[in-house]
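Architecture and fold: a report
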Amino acid sequence: MGLNMAICELEAENALCRSMKLETVRVMVEPIDGFEDVSGFDLVVPLDKVREAVDDWESFLKRNRIPADVDSIYMEKVKNKADIEALEPLAEKRYTGWVIMAEVSEDVAAKAMEASRPENRMTGWHMISFDEMNETCSRCGLSWDKGRGCIGTFGPSNSLLPEIARRHGCQLVGEVFDLADRMERLGPDRAKDLKAEVAVLRDALPKEGKMMVRRYSGVVDRMEAMADVCISEGCGFYFF
């Protein structure tokens, strides 16, 4: 399993993704009780009711292009006009629990946030495509990993770099595994320490042998690039 490193991009005002990541667009509430009027829902018809309402089950599936292994019929999947008219009166609301924050009052939005888990909250960043994400990262000045983003690879969990760092008095890099285990976020002042340790490691790697130079020069370069961004933008960083 490998370790990564990243900046705390939300601490940097110049991060192009910042405003999108700080805007909560929708949340999923649990339980749904009390949010029925603002929750999204699907209109669903149980199979037994569908079979009673249509004259020929196989024909119904075929003309609406619905697979035979469904356990209920979602009205949005029904294409045939006559079938829609026959099934609409039988449809039941199945709540998704998703609340669109822009469509509710501030009070309801606050309550919805409290009733949702952090992993069930979607920001503006979640709502754009991967291509749009990549394009945004490529334009961002905080994209320290050669334009690919503000997250980069530190190395495998058996990396010898922390051990080498400890031998040469580089405390921060020497503690990378522990920092990752604790998910500890380091401030921009520690980025200056990292920058200083990068200089020490760059001189130390040749003394450790050519293999160590080939294996770890890349991650040393990446740490320096990350540290430079953190120093210039006043943001922290972490390993995970």
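What you see is a predicted model, and the numbers here were worked out from it, not measured in a lab.

Its location among the elements puts Ser159 in the loop between β7 (151-156) and α7 (161-167). A polar side-chain atom of Ser159 sits 3.1 Å from the main-chain amide nitrogen of Leu161.

Our next topic: helix α11 (residues 210-233). Between its terminal C-alpha atoms α11 stretches 34 Å, which fits the 34 Å expected from 24 residues at 1.5 Å a residue. A maximum bend of about 45° is found in α11 at Tyr216. Regarding α11, the residues found buried are Met212, Tyr216, Val219, Val220, Met223, Met226, Ala227, Val229 and Cys230. The inward-facing, buried residues of α11 contact β1 (2-7), β7, α7, α8 (171-174), α10 (188-208) and β9 (237-239). Residue Gly234 follows α11 closely and has a positive phi angle near 70°.

We now examine the packing of α10 against α11. Across the interface, α10 lies against α11 with an axial gap of 9 Å and an inter-helix angle of 160°. Put simply, α10 runs roughly antiparallel to α11. Seen from above, α10 lies across α11 with left-handed handedness. Residue composition of the contact of α10 with α11, grouped by class: 16 nonpolar, one polar and seven charged.

Sheet strands line up and pair through hydrogen bonds in the backbone, either parallel or antiparallel. Reading across the sheet, the four strands line up as β7-β1-β9-β8 and stay open at both edges, with antiparallel pairing between neighbours. The outermost strands of the open sheet, each flanked by one partner alone, are β7 and β8 (185-186). Bridge count between β1 and β9: three bridges; the pairing is antiparallel. Within β9, the residue paired with Ala6 across the bridge is Tyr238. On top of the sheet, α11 reaches β1, β7 and β9; it is set at about 25° to β1, its chief contact.

A few words on the pattern of salt bridges. Inspection of the entire model under this criterion finds 16 salt bridges. Between Glu135 and Arg139 there is a salt bridge, with the nearest N and O atoms lying 2.7 Å from each other. Here Glu135 and its partner Arg139 are both found in helix α6 (residues 130-139), four residues apart, which amounts to about one turn of the helix. Residues Arg167 and Glu208 are paired through a salt bridge, measuring 2.6 Å at the closest nitrogen-oxygen approach.

Mean pLDDT over the protein chain works out to 96, with 100% of the residues at or above the 70 mark. Confidence scores differ between elements of the protein chain, with α6 showing the lowest mean pLDDT of 94 and β9 the highest of 98.

Here we come to the sheet that holds strand β6 (residues 116-123). Taken in spatial order, the five strands of this open sheet run β4-β3-β5-β2-β6, and their pairing is antiparallel. The open sheet has two free edges, formed respectively by β4 (72-74) and β6, since each of these has just one partner strand. Averaged over all pairs of adjacent strands, the angle between strand axes in this sheet comes to 35°, irrespective of strand direction. Pairing geometry for strand β3 (residues 39-46) and β4, over three bridges, is antiparallel. From the neighbouring strand, Val44 faces β4, where its bridge partner is Tyr74.

With that out of the way, let us pick up unusual backbone geometry. In this structure, Pro31 follows Glu30 across a cis peptide bond, with omega equal to 0°. One can find Pro31 in the loop between β2 (24-29) and β3. Residues other than glycine seldom take positive phi values, yet Arg65 does so here, at roughly 55°. Looking at the element boundaries, Arg65 is found in the loop between α3 (57-64) and β4. For Met183, which is not glycine, the phi dihedral falls at a positive 55°.

Another point: the pairing of β1. Here β1 pairs with β7 via five bridges, running antiparallel. Opposite Asn4, over in β7, you have Thr153 as the bridge partner.

How each quantity is defined
Residues numbered from 1 in each chain as written. Predicted model: local features only at pLDDT ≥ 70, side-chain atom pairs only at ≥ 80, totals over all residues. Heavy atoms only, no water. Helix = DSSP H or I, 4+ residues; strand = E, 2+ residues; numbered from the N terminus. Polar contact = N/O pair within 3.5 Å; in protein donor to acceptor, adjacent residues only side chain to side chain. Expected span 1.5 Å × (residues − 1). Bend = angle between axes of the 7 residues up to and from the residue. Buried < 20%, exposed > 50% of the residue type's maximum accessible area, 1.4 Å probe, protein only. Contact = heavy atoms within 4.5 Å. Axes fitted to C-alpha atoms, helices over the stretch in contact; angles between N-to-C directions. Parallel < 35°, antiparallel > 145°, perpendicular 65-115°, else oblique. Left-handed = near helix turned anticlockwise from the far one by under 90°. Nonpolar A, V, L, I, M, F, W, Y, C, P; charged D, E, K, R; others polar. Pairing = 2+ DSSP bridges. Salt bridge = Lys/Arg side-chain N within 4 Å of Asp/Glu carboxyl O. pLDDT = per-residue confidence, 0-100.

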